[in-house]
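# Descriptive analysis of the structure
Each chain, letter by letter, is given below.
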Amino acid sequence: MANKSKMKELKTIVREKYGQIAKQSKLQNQTSCCGVGASCYEPGDTEKMIESSVFADDYSNLKGYNEAADLGLGCGLPTEFAKIQKGQTVVDLGSGAGNDCFVARAETGETGRVIGLDFTPEMIDKARTNAKKLGFSNVRFIYGDIEAIPLEDNVADVVVSNCVMNLVPSKEKAYAETYRILKPGGHFSISDIVIEGELPEELKKAAEMYAGCVSGAIQKDDYLSIITKSGFKNMEVQKKKPIVLPTEILETYLDTDGLAAFNKAQGIYSITVYAEK
């Protein structure tokens, strides 16, 4: 996506949407279109509410889980696969309200350090409030852009990220920055949304679908190629699961023929990827 004004527009959309999300509960977020904006369904429509929560995995059994920090916005469990050791420095890219940071903190312990990065001020405020309530002195949250991370080179032993890279217009810059901040021998575990097949133009152009982690997703093979071209080694897909968007959401953007073609030829997946520097 080479157009700078378009990139700026997309970032503004994401910042505004996730600023709204920071002020909502997990239930409100899960009952909205792909976790953003106003509710798609009438209150009390339990069946549709459950159907619309199609991305998030269950964190509740993981050590360090904090309900107040879980807004239901992820698409995997990267910290579960991240091989975090005691005393390590962990950086979470797109840390939101702090959910993955607090799970990572349980793994790295009192002697470790966890840094959460987010470019939505409301999320930073919420995460800092959560960390203060928990009394964590070795978890901090900083404002910044993943395309230009405000951290020094070779600072992280482990990088995690949960359903965020697809929101970054330049994934090449995002992974180049991930490589830069990792120590030699360090690694990442990142959960994200990828596609197989082509998205209809109606979805590609929809701002809600971009902020909802769909239209910003790219082909799985292209995604993995960006990682290897960034210099990473020993890459593996740790987990892959299909994402099925509710028909009620798709009907907002697609006519009957478009919906049939989408269901026949399109695959949307959450993948968790590991690679080493």
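Please refer to the structure higher up on the page.
Now for a description of the structure that goes with this document. Computed from a predicted model, the values in this text were never measured in an experiment. (Residues numbered from 1 in each chain as written. Predicted model: local features only at pLDDT ≥ 70, side-chain atom pairs only at ≥ 80, totals over all residues. Heavy atoms only, no water.)

### Here's the deal with the sheet that holds strand 7 (residues 267-276)
The condition is simple: By this definition, two strands are paired if DSSP reports at least two bridges between them. Numbering of helices and strands runs from the N terminus, with a helix taken as a DSSP run of H or I at least four residues long and a strand as a DSSP run of E at least two residues long. Geometry is summarised by axes, namely lines fitted to C-alpha atoms with helices restricted to the contacting stretch, and by angles between N-to-C directions that run from 0 to 180 degrees. Here a residue-residue contact requires only that any non-hydrogen atoms of the pair lie within 4.5 Å.
With mixed pairing, 7 strands are arranged side by side in an open sheet as 3-2-1-4-5-7-6. Each edge of the sheet is formed by a strand with only one pairing partner; in this case those strands are strand 3 (139-143) and strand 6 (233-242). Neighbouring strand axes in the sheet, compared pairwise and without regard to direction, differ in orientation by 20° on average. Relative to strand 7, strand 6 is paired through 7 bridges, and the arrangement is antiparallel. Residue pairing in the sheet places K239 in a bridge with T272 of strand 7. Sheet contacts for helix 6 (residues 121-134): strand 2 (113-118) and strand 3; angle to strand 3, the most-contacted strand, approximately 165°.

### Concerning the pairing of strand 4 (residues 156-162)
Rule in force here: Three exposure classes are used, based on accessible area relative to the maximum for each residue type with a 1.4 Å probe and protein chains only: buried under 20%, partly exposed in between, and exposed over 50%. A clockwise course of the path from the first strand over the helix to the second, judged with the strands pointing away from the viewer, identifies a crossover as right-handed.
The buried fraction of strand 4 amounts to 7 of the 7 residues, a majority that puts the element mostly inside the structure. When strand 1 (residues 89-93) meets strand 4, the two strands line up parallel, connected through 4 bridges. Its bridge partner being in strand 4, V91 is matched across the sheet by V159. Pairing between strand 4 and strand 5 (residues 182-196): 6 bridges, direction parallel. Considered in strand 5, the bridge of V158 is made with H187. Following the backbone out of strand 4, through helix 7 (residues 171-181) and into the adjacent parallel strand 5, one traces a crossover that is right-handed.

### Structural notes on the pairing of strand 1
Across the 5 residues of strand 1, 5 count as buried, placing the element largely inside the fold. Bridge count for strand 1 against strand 2 is 5 bridges, and the pairing is parallel. Of the residues in strand 2, the one forming a bridge with V90 is V114. Taking the sense of rotation as the criterion, the β-α-β connection linking strand 1, helix 5 (residues 99-108) and strand 2 turns out right-handed.

The analysis is restricted to geometry; functional conclusions fall outside its scope.
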